[in-house]
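# Structure at a glance
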Amino acid sequence: LSLLPQIIVSEVPTTTKYRAIVEITSGDSRIFSGESLSLRCIIPDKYKASWDYLWFRGSVQLPQFGETYQLWNANVKESGKYSCQGKKETSLGSIKTLRSLPNEIHVDGGFAILQMAKRRVLIGDALDLKCRLRGSAPVHETILYRDGIEVMVQNGSSLDFHLPHVTLEDEGRYSCRVSWDLSRRTHSVMSVPTLVNILEVLTKPVLEIDKDNTQLERNKMKLVCHIQYNAPAPAPPVNYYFYKNNNLLGPAISLNHMNVRKAAGWYSCRAKVPKLDMVRWSEPQSFGEVAGPPLMPPRPHLRSQMTSRSPPHTFSAPETQPASPKYFASTPSSDQHTESPSPSSPSSESPVSTSLPTSGQLPGQTQTPEPQNLIPSCQPQHHQSGCLVDVLAV
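Residues numbered from 1 in each chain as written. Predicted model: local features only at pLDDT ≥ 70, side-chain atom pairs only at ≥ 80, totals over all residues. Heavy atoms only, no water.

### What about the overall build of the chain?
For the chain, the count of helices and strands is one helix and 33 strands. When contacts within the chain are restricted to residue pairs at least 6 apart in sequence, those whose partners lie at least 24 apart make up 62%. (Helix = DSSP H or I, 4+ residues; strand = E, 2+ residues; numbered from the N terminus. Contact = heavy atoms within 4.5 Å.)

What follows is the structure, encoded as structure tokens:
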């Protein structure tokens, strides 16, 4: 009996399933030294319990415990990855939330900063960048660079850049140079590079075979289809399909995992967003002793091939601000294929890869074509660089 209180206390969890969230409430993730910034810690607790807050820069805990963290008259040394954590005291001890994902803050001691209008840019979206200048110099030219190569040059005082319909090739480290004349001398400053990532709406799935899951029966294993889904809210639902040797293991499900019997073979999964007409296949994964090369998923009839190039980025100056931009085209993108299923196939579940968005699609839902599977023979068609083949619809 004397040990009973110790046993009870030891079983009380010290962490919750909640993960704190850090958001910027005023300012930007890139600010000049001497400016201010405000961060807020959010605890997604549906019971609205009272929490204390712990703040961190990197692994170092900061001497502040409120819901809001203020950077007043920031200096360069305060740059870093900020995170927070909720904490509350109970009669059985302290309970903490999971620490938030870090939010990186950059305090710049220079004279120019390149800022992004949006935190997340999808394929097909417009990329809007602003070159901020410390002070109010009479700017006459601004140059945008990607990975050190000129992308756009504009004359006049405007510091905004607009790149429409971006692709994965527009990823890179962007910087800007601002020039002005003062006291019969030309002055020029350069910003620190800013990393710009372009995201796919639906990434290529990765299949995980969990064969040692202790929560399953000994003759069972778990298939998990991992994807990154970046559609803006409200995002249409994703359907998942699982295959063994290209044979469908069951109907479409909304969960990204399925328990199956352990059996040797080639396993794959498919993610489909019906409302966006998007389909992506995983690479085949082997389990057990299998002979021969991996079995590639079936493909629809090849109808045509098109070469898609990134549209030239143009600059639209405000009506009150004349500009004469010069565009430096980047390297053309690689060829992409447009495929459509056979008209004779009654199934709408055949994998389709397209490079052109259809009407009603969200911005950025173009899909990267996947490698064609090996086929024994085909009949070349005139005026096409590919050929038509017969496939078995799913």
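### With respect to the state of the cysteines
What makes a disulfide is a covalent bond joining the sulfur atoms belonging to two cysteines. Evaluated as defined, the whole model comprises three disulfides. Should the bonded cysteines of the chain be numbered as they appear in the sequence, the pairing reads 1-2, 3-4, 5-6. (Disulfide = S-S within 2.5 Å.)

### Remarks on the side chain of Glu200
With respect to the helices and strands, Glu200 occurs in the loop between strand 20 (198–199) and strand 21 (206–210). Within the structure, the side chain of Glu200 is placed 3.2 Å from the side chain of Arg280, a separation counted as a polar contact. (Polar contact = N/O pair within 3.5 Å; in protein donor to acceptor, adjacent residues only side chain to side chain.)

### Here we look at the packing of aromatic side chains
Considering all chains together, one arrives at three aromatic pairs under this definition. On the numbers, 5.5 Å between centres and 40° between planes, the contact of Trp55 with Tyr69 is tilted. With Trp55 in strand 5 (residues 52–57) and Tyr69 in strand 7 (residues 68–71), this residue pair connects regions lying 14 residues apart in the sequence. One exposure class covers both Trp55 and Tyr69, and it is buried. The interplanar angle of 35° and the centroid separation of 4.9 Å between the aromatic rings of Tyr243 and Trp281 together place this pair among those described as tilted. Residue Tyr243 is found in strand 23 (residues 239–244), and its partner Trp281 is found in strand 27 (residues 278–281); the two are separated by 38 residues along the sequence. For the pair formed by Tyr243 and Trp281, the shared burial category is buried. A network of ring pairs unites the aromatic residues Trp55, Tyr69 and Tyr82 as a single cluster. (Phe/Tyr/Trp six-rings, centres within 6.5 Å; stacked < 30°, edge-to-face > 60°. Buried < 20%, exposed > 50% of the residue type's maximum accessible area, 1.4 Å probe, protein only.)

### Remarks on the sheet that holds strand 2 (residues 21–26)
The three strands lie next to each other as 2-4-7, forming an open sheet whose pairing is antiparallel. Each edge of the open sheet is held by one strand with a lone partner, namely strand 2 and strand 7. Put simply, the sheet's adjacent strands are angled 25° from each other on average, direction ignored. Here strand 4 (residues 37–42) runs beside strand 7; their pairing, made up of four bridges, is antiparallel. Residue pairing in the sheet places Ser38 in a bridge with Gln70 of strand 7. (Pairing = 2+ DSSP bridges. Axes fitted to C-alpha atoms, helices over the stretch in contact; angles between N-to-C directions.)

### Let's talk about unusual backbone geometry
In the segment running from Ala233 into Pro234, the intervening peptide bond is cis, with an omega of -5°. The phi torsion at Asp147 lies on the positive side, around 55°, for a residue other than glycine. Mapped onto the elements of the fold, Asp147 is located in the loop between strand 14 (139–146) and strand 15 (149–155). Residue Asp147 is classed as partly exposed on the basis of its relative accessible area of 48%. Even without a glycine there, the phi angle at Asp277 is positive, about 55°. Relative to the elements of secondary structure, Asp277 occurs in the loop between strand 26 (265–273) and strand 27. With relative accessibility at 34%, the residue Asp277 sits in the partly exposed group.

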